Amino acid sequence: MVFILHPLKYSKSIFSLKYNFLYNYIFVDLFCGEGNLILPILESIPEEKREEYFKDHIYLFDIQKEVVEKSIRKAIKYGIQESVARGNIIVQDTLKNYPLFIKDLQYPVYHITNPPYLYIGYIAKKSERNLEYFSEENNGFQDLYQIALMNDLRNGIKKLIYII
């Protein structure tokens, strides 16, 4: 199942749609930025159960260390200990190194994300180092968004919400 949402129609209310099954999935954002898409799930979890829930059900990744730090600080505001937040909020280039361990966790993955959008023409002009993403199995794709989606599909992720 793939949902593609427009950001103007997106709101925190999306989490209320999933409330009945919050405990049945690992919620992941492979391009988390400051954690604004996944961390609000914690508002639906009783404060005394948040840290345990976070440990078992939330994993966030981003390539940018500074935004990962912001996400960690945000998790702490939700009552998560810093050491626990650092264990599940990770600096990683998930376009290049897909975190395969998430598929082996206790629950199936539900990926909610707003992946990067840079098209190949722009990258070729401005950021040649990112051209490596468009080689081998990604040859022929036009932007990073497509590569992000294909990485999920190649890895058997069945529950996806991609925001455009």
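Going by the structure above, here's the rest.
Residues numbered from 1 in each chain as written. Predicted model: local features only at pLDDT ≥ 70, side-chain atom pairs only at ≥ 80, totals over all residues. Heavy atoms only, no water.

Quick look at the overall build of the protein now. Across its full length, the protein holds six helices and six strands. Reading the secondary structure of the protein in the N-to-C direction produces β-α-β-α-β-α-α-β-β-α-α-β. Within the protein, the proportion of its 164 residues that are buried is 46%. Considering only contacts in the protein between residues 6 or more positions apart, those separated by 24 or more positions represent 71%. Of the accessible surface of the protein, which amounts to about 9,000 Å², a share of 52% is contributed by carbon and sulfur atoms. (Helix = DSSP H or I, 4+ residues; strand = E, 2+ residues; numbered from the N terminus. Buried < 20%, exposed > 50% of the residue type's maximum accessible area, 1.4 Å probe, protein only. Contact = heavy atoms within 4.5 Å. Areas by Shrake-Rupley, 256 points an atom, 1.4 Å probe, with all protein chains shown as cover.)

With that out of the way, let us pick up the packing of aromatic side chains. Summed over all chains, the structure comprises seven aromatic pairs. Summarising the aromatic geometry, the rings of tyrosine 145 and tyrosine 162 are spaced 5.6 Å apart at their centres and angled 75° between planes, so their arrangement reads as edge-to-face. Separated by 17 residues along the polypeptide, tyrosine 145 in helix H6 (residues 144-154) and tyrosine 162 in strand S6 (residues 159-163) bring together distant segments of the chain. Per residue, the accessibility class of tyrosine 145 equals that of tyrosine 162, and both read buried. Ring pairing ties together the aromatic residues Tyr25, Phe27 and Tyr110, which thus form one cluster. (Phe/Tyr/Trp six-rings, centres within 6.5 Å; stacked < 30°, edge-to-face > 60°.)

The next subject is the pairing of strand S2 (residues 26-29). Residues Ile26 and Val28 of S2 are buried on one face, and the alternating residues Phe27 and Asp29, pointing to the opposite face, are buried as well. With three bridges joining them, S2 and strand S5 (residues 109-113) adopt parallel strand pairing. Directly across from isoleucine 26, in S5, lies its bridge partner valine 109. Strand direction decides the pairing type here: S2 and strand S3 (residues 58-62), joined by three bridges, are parallel. Directly across from phenylalanine 27, in S3, lies its bridge partner isoleucine 58. (Pairing = 2+ DSSP bridges.)

A word on the nonpolar core. The biggest cluster of nonpolar side chains holds 26 residues, and the ones touching the most others in it are Phe27, Ile38, Leu42, Tyr53, Phe54 and Ile89. It is helix H3 (residues 65-77) that provides the largest number of residues to this core, a total of three residues. Ignoring sequence-local partners within four residues, the contact set of isoleucine 89 consists of Phe54, Leu60, Val68, Ser71, Ile72 and Ala75. In terms of nonpolar packing, the next biggest core, distinct from the first, is built from 21 residues, Leu30, Tyr98, Phe141 and Tyr162 among them. (Core = buried A, V, L, I, M, F, W, Y, C linked by side-chain atoms within 4.5 Å.)

Within S5, five of the five residues are buried, which leaves it mostly tucked inside the rest of the structure. Both faces of S5 are covered, namely the face carrying Val109, His111 and Thr113 and the face carrying Tyr110 and Ile112. Pairing of S5 with S6 involves four bridges; the strand directions are parallel. When the bridges of S6 are listed, tyrosine 110 appears paired with lysine 159.

Locating threonine 94 in the fold gives a position in the loop between strand S4 (89-91) and S5. Of note is the side chain of threonine 94, whose polar atom sits 2.8 Å from the backbone oxygen of leucine 30. Setting aside residues no more than four positions away along its own chain, threonine 94 makes contact with Leu30, Phe31, Phe61, Pro99 and Asn151. (Polar contact = N/O pair within 3.5 Å; in protein donor to acceptor, adjacent residues only side chain to side chain.)

Geometric values such as these leave the question of function open.
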